[in-house]
Amino acid sequence: MKRGCFITLEGGEGVGKTTNLGYIRGYLVSRGIDVVVTREPGGVPLAEELRGFILAQRSLLPEAELLLMFAARVHHFKEKIDPALSEGKWVISDRFTDASYAYQGGGRGIAWQRIGYLEDWLLDGRRPDLTLLFDAPVEVGLARARSRGETNRFEEEERAFMERVRQAYLQRWREEPERIRKIDATLPLPQVQGQIARLLDSIIDTWRP
Ligand code: TMP
């Protein structure tokens with residue numbers, strides 16, 4: 001059986017990833033595709049416990065934060081994502097390793113090379129097949145995230161941190177423009193979803209056996 005397609009959604013705070021996740025799932029299901037939706041940090045019980053811990057902590061060192069993200073990720077990948085892909089299901093994850101490059105790399109200053117080492121070691125060289133990067137100026141995203149009320153420790157970071165996160169994501173996109181597709185998240189929702197539908201159509205057509 002052909003492996004399923006692994007799609008990840010990325011971007012800074014408040015860029016509309018989670019809103020569009022439902023749209024993407026619906027779009028793929030309407031095209032007859034078996035879809036598993038998941039998120040990071042989290043996705044399996046142990047990783048969800050780590051998520052609660054990481055997001056509540058105020059005093060984690062950047063290195064510890066990175067290692068905990070990967071501790072959650074290795075369970076998530078080996079117990080849920082990889083088996084589903086092997087069964088031919090498509091997996092959509094709300095964040096994955098690009099978030100570690102952006103937040104722990106760009107945001108906290110850890111060298112990308114170190115993150116790459118963990119990625120190669122722990123994920124058996126596997127990468128997402130398609131990454132949708134929702135991009136918007138930091139002010140736009142932070143205002144949306146704050147209007148939702150609750151904020152986590154990342155949403156409370158200063159503006160400069162979020163700017164470094166955005167620039168790191170854009171750097172990832174420039175380095176891998178085939179895998180990472182940038183979506184202009186400042187556009188009205190119907191236009192954002194139009195961009196998403198076009199990208200999904202192109203991958204559905206090439207992915208089917
Ligand atoms: P969420 O807001 O998309 O639910 O993600 C939770 C937070 O975790 C978000 O602020 C980004 C952060 N994060 C990292 O810092 N590194 C990572 O590797 C992942 C997956 C998330």
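Refer to the preceding data block for the structure.
Cut-off values and rules
- Residues numbered from 1 in each chain as written.
- Predicted model: local features only at pLDDT ≥ 70, side-chain atom pairs only at ≥ 80, totals over all residues.
- Heavy atoms only, no water.
- Near = heavy atom within 4 Å.
- Polar contact = N/O pair within 3.5 Å; in protein donor to acceptor, adjacent residues only side chain to side chain.
- Areas by Shrake-Rupley, 256 points an atom, 1.4 Å probe, with all protein chains shown as cover.
- Helix = DSSP H or I, 4+ residues; strand = E, 2+ residues; numbered from the N terminus.
- Pairing = 2+ DSSP bridges.
- Axes fitted to C-alpha atoms, helices over the stretch in contact; angles between N-to-C directions.
- Contact = heavy atoms within 4.5 Å.
- Salt bridge = Lys/Arg side-chain N within 4 Å of Asp/Glu carboxyl O.
- Buried < 20%, exposed > 50% of the residue type's maximum accessible area, 1.4 Å probe, protein only.

## Focus on the site of the ligand
Argument step 1. Looking at the ligand, there are 15 residues lining it, with Glu13, Arg51, Arg95, Ser100 and Gln104 nearest.
Argument step 2. In the environment of the ligand, an oxygen atom lies 3.0 Å from a nitrogen or oxygen atom belonging to the side chain of Lys17.
Argument step 3. At a separation of 2.7 Å, an oxygen atom of the ligand approaches a polar side-chain atom of Arg95.
Argument step 4. Surface burial for the ligand is 93%, taken as the share of its 480 Å² of free accessible area covered by protein chains.
Argument step 5. Taken together, the elements giving at least two residues each to the shell around the ligand come down to helix H2 (45–56), helix H3 (62–86) and helix H4 (97–107).
Argument step 6. The element contributing the most residues to the shell around the ligand is H4, with four residues.

## Quick word on the sheet that holds strand S3 (residues 90–94)
Argument step 1. Spatially, five strands are ordered S2-S3-S1-S4-S5 in an open sheet, and the strand pairing comes out parallel. Each edge of the open sheet carries a strand with a single partner, namely strand S2 (35–39) and strand S5 (180–184). Taking the axes of each pair of neighbouring strands and ignoring which way they run, one obtains an average angle of 20° across the sheet.
Argument step 2. As paired strands, strand S1 (residues 6–11) and S3 are joined by four bridges and run parallel to one another. When the sheet's bridge partners are listed, Phe6 is paired in S3 with Val91.
Argument step 3. Docked against the sheet, H4 engages S1, strand S4 (130–135) and S5, running at close to 20° with respect to S1.
Argument step 4. Where helix H7 (residues 159–175) meets the sheet, its contacts fall on S1, S4 and S5, and the angle it forms with S4 comes to roughly 140°.

## Thoughts on the pattern of salt bridges
Where side chains of opposite charge bring their charged atoms close, a pairing between them can arise.
Argument step 1. Summed over the entire model, instances satisfying the criterion amount to 20 salt bridges.
Argument step 2. A salt bridge links Lys17 to Asp94; the shortest N-O distance between them is 2.7 Å. Here Lys17, found in helix H1 (residues 17–30), pairs with Asp94, found in strand S3; they are 77 residues apart in sequence, far enough to count as distant.
Argument step 3. The partner of Glu176 in a salt bridge is Arg179, with the nearest N and O atoms 2.9 Å apart.
Argument step 4. Judged by its relative accessible area of 29%, Glu176 is partly exposed.
Argument step 5. By relative accessible area, Arg179 is classed as buried at 8%.
Argument step 6. A single network of salt bridges, built from pairs that share partners, joins Asp98, Arg172, Glu176 and Arg179.

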